[in-house]
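Listed below are the residues making up each chain.
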Amino acid sequence: MRRLILTLATLLTLSGVTSSWAESPTSPREIPIRHFWNTGNAKDFNEKPLFGDVESIDVEVYTIELEDKIPLCFETYTFNEYGHVSKIESRYIDGTEYKLLASYNERGDRLFVEEYRDGELDEQTKYTYDYDNNTYTKEVYNASSLIYTSIYELDDKGEIVCERVIYPSGSENISTSTPLYFGTRRDYLRNGCLSSCIYTTEQEVDGVTIKTKSYNSMKCKDIEIYNSKGQIVVREYQYLNGDLECRLYKYNDNNLLSSVITTNNGNFEHEEIYTYDDTSNLISVVHINDENEAIYINRLWYDDMGNVIQEYENPDQLDYEKFIIFKINYRK
């Protein structure tokens, strides 16, 4: 297996194939982290980069049925001076409502988050930071009591090396990261007993980096191969049942992702084709199956700042045909 990987890495280097580790390609501009916008919290649309001094965004989400736009929900995101979301107000067409309120410290780190559903407090989260010792604590409550406490230890780069999750019952889950000569080992313990572990190794051969992530029995692996530019060119998933999924990444002359070809056990499944405008904004993603049929379409439209103002997706994660409007209000 090692010889095969090294040979493949050499061939990829000679061929000049390039790609990127990012599953969702973006423009080459720096993308600021905005809590509750592009940090995995959005519910009704794909995460978006967001540039400029944005005060608020009104989002209108529609499903399309027989070419008619049917309202699904209306949302308003309000941003504070740090660029993070301080309030979310969602109003669904079925009458349900959702609201989030968040406060931050002078560093822009979250301090307190409240979530309301249909006007009733549903969940609270409190954050406490010890910057001198590179640790912070997160306490999560429901409307009446503590659900769990998470304690995080960070390294000098801000990466989490240990997370302890403590429940009121006294049970405890711990995940720790231990440096190895070629990578790291991540252990997951439940009440002191090892439940699983992940080994991540990294090796470099002639400028090509090979990362391998092995799970538990070592029969389940992820293999990633990067070129000399640090861009991923191959990713393989080896599953416990023996199946092997492979993704081949290609980039255009501007080093933006242009194509991802996915195979399963050597058989072609689909190709993802990415298209950009003259300013490197992603404007189209189309998935083509083995019969040259489009099985997924995503279209994007932008304003002069480079922010998405309209999006079309078919199908989305819930198998809807969806159209979304983003009305961005910039601070004056």
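> I'm lost on the pairing of strand E13 (residues 208–215) in this one. Help?
Looking along a regular strand, one sees side chains alternate from face to face of the sheet. Strand direction decides the pairing type here: strand E12 (residues 193–205) and E13, joined by eight bridges, are antiparallel. Its bridge partner being in E13, Ile-198 is matched across the sheet by Tyr-215. Hairpin connection of E12 to E13: two residues between the antiparallel strands, including Asp-206 at a positive phi of 50°.

> Can you walk me through the environment of Asn-281 in this structure?
Structurally, Asn-281 can be placed in the loop between strand E18 (267–276) and strand E19 (282–289). Residue classification places Asn-281 among the buried residues on the basis of a relative accessible area of 6%. Sequence spacing of Asn-281 and Asn-307 is 26 residues, and the spatial spacing of their C-alpha atoms is 8.9 Å. Reaching out from Asn-281, the side chain makes a polar contact with the side chain of Thr-279 at a distance of 3.0 Å.

> Looking at this model, I keep getting lost on the side chain of Asp-222. Mind explaining?
By the secondary structure assignment, Asp-222 is in strand E14 (residues 220–226). For Asp-222, a relative accessible area of 9% gives the class buried. A distance of 3.0 Å separates a polar atom in the side chain of Asp-222 from a polar atom in the side chain of Tyr-215. Other than its neighbours up to four places away in sequence, Asp-222 contacts Lys-211, Thr-212, Lys-213, Tyr-215, Arg-235, Glu-236 and Tyr-237.

> Got a minute to help me understand the nonpolar core in this structure?
General note: in soluble globular proteins, nonpolar side chains tend to be found buried as a group. Counting 38 residues, the largest nonpolar core has Phe-36, Trp-37, Ile-57, Val-59, Tyr-77, Phe-79 and Phe-326 as the members making the most contacts within it. Setting aside anything within four residues of it in sequence, one finds Val-59 in contact with Phe-45, Cys-73, Phe-74, Glu-75, Tyr-77, Ile-324, Ile-325 and Phe-326.

> Help me understand the environment of Tyr-226 in this model?
Position of Tyr-226 relative to the elements: it lies in strand E14. Between the alpha carbons of Tyr-226 and Glu-204 there is a distance of 9.2 Å; along the sequence they are 22 residues apart. Of note is the side chain of Tyr-226, whose polar atom sits 2.8 Å from the side chain of Glu-224.

> Honestly, the packing of aromatic side chains in this entry has me stumped. Any pointers?
With the rule as written, the count across this model stands at 14 aromatic pairs. With a centroid separation of 5.1 Å and 85° between ring planes, the pair formed by Trp-37 and Tyr-77 is classed as edge-to-face. Of the two residues, Trp-37 sits in the loop between helix H1 (2–15) and strand E1 (54–65) while Tyr-77 sits in strand E2 (residues 68–79), which places them 40 residues apart along the sequence. Ring geometry for Trp-37 against Phe-79: centres 5.9 Å apart, planes inclined by 65°, an arrangement best described as edge-to-face. Placement of the pair is Trp-37 in the loop between H1 and E1 and Phe-79 in strand E2, with a sequence separation of 42 residues. Residue class for Trp-37 comes out buried when judged on its relative accessible area of 2%. Three or more aromatic residues joined by ring pairs form one cluster here, namely Trp-37, Phe-45, Tyr-77, Phe-79 and Phe-326.

> Please clarify how the confidence of the model for the chain should be interpreted in this entry.
In low-pLDDT regions, the fine details of the predicted coordinates are not to be read closely. Scored by pLDDT, the chain comes out at a mean of 88, with 90% of its residues at no less than 70. Contacts for the low-pLDDT stretch residues 1–28, under 50 throughout, to residues beyond four places or in other chains number 64 contacts.

> For this particular structure, what's the right way to read the pattern of salt bridges?
Where charged atoms from two side chains of opposite charge come close, those side chains can pair. Taken as a whole and assessed by the stated rule, the structure comprises eleven salt bridges. Of the charged contacts, one joins Arg-117 and Asp-122 as a salt bridge, the two residues approaching to 3.1 Å between their closest N and O atoms. Given the relative accessible area of 39%, Arg-117 is considered partly exposed. Among the ionic pairs, Glu-245 bridges to Arg-247, the shortest N-O distance being 3.4 Å. The two residues Glu-245 and Arg-247 agree in class, both being buried. Each of Glu-115, Arg-117 and Asp-122 takes part in salt bridges that share partners, so that together they form one network.

> When you look at unusual backbone geometry in this model, what are you seeing that I'm missing?
Leaving glycine aside, a negative phi is the common case for residues, and trans is the common case for peptide bonds. The step from Asn-314 to Pro-315 runs through a cis peptide bond, and the omega angle for that step is -5°. By the element assignment, Pro-315 lies in the loop between strand E21 (308–314) and strand E22 (322–330). One non-glycine residue with positive phi stands out, namely Phe-36, at about 70°. Structurally, Phe-36 is set in the loop between H1 and E1. Despite not being glycine, Asp-206 shows a phi value in the positive range, around 50°. You can see Asp-206 is positioned in the loop between E12 and E13.

> Please explain the pairing of E19 as it appears in this structure.
For E19, a buried count of seven out of eight residues is recorded, marking the element as mostly surrounded by other parts of the structure. Pairing analysis gives seven bridges linking E18 to E19, with the strands arranged antiparallel. Paired with Tyr-276 across the strands is Leu-282, a residue of E19. With five bridges connecting them, E19 and strand E20 (residues 294–302) associate as antiparallel partners. The residue of E20 that forms the bridge with His-287 is Tyr-296. The hairpin formed by E19 and E20 contains four residues between the paired strands, and Asn-292 there has a positive phi angle of roughly 60°.

Scoring rules and cut-offs
- Residues numbered from 1 in each chain as written.
- Predicted model: local features only at pLDDT ≥ 70, side-chain atom pairs only at ≥ 80, totals over all residues.
- Heavy atoms only, no water.
- Pairing = 2+ DSSP bridges.
- Helix = DSSP H or I, 4+ residues; strand = E, 2+ residues; numbered from the N terminus.
- Buried < 20%, exposed > 50% of the residue type's maximum accessible area, 1.4 Å probe, protein only.
- Polar contact = N/O pair within 3.5 Å; in protein donor to acceptor, adjacent residues only side chain to side chain.
- Contact = heavy atoms within 4.5 Å.
- Core = buried A, V, L, I, M, F, W, Y, C linked by side-chain atoms within 4.5 Å.
- Phe/Tyr/Trp six-rings, centres within 6.5 Å; stacked < 30°, edge-to-face > 60°.
- pLDDT = per-residue confidence, 0-100.
- Salt bridge = Lys/Arg side-chain N within 4 Å of Asp/Glu carboxyl O.

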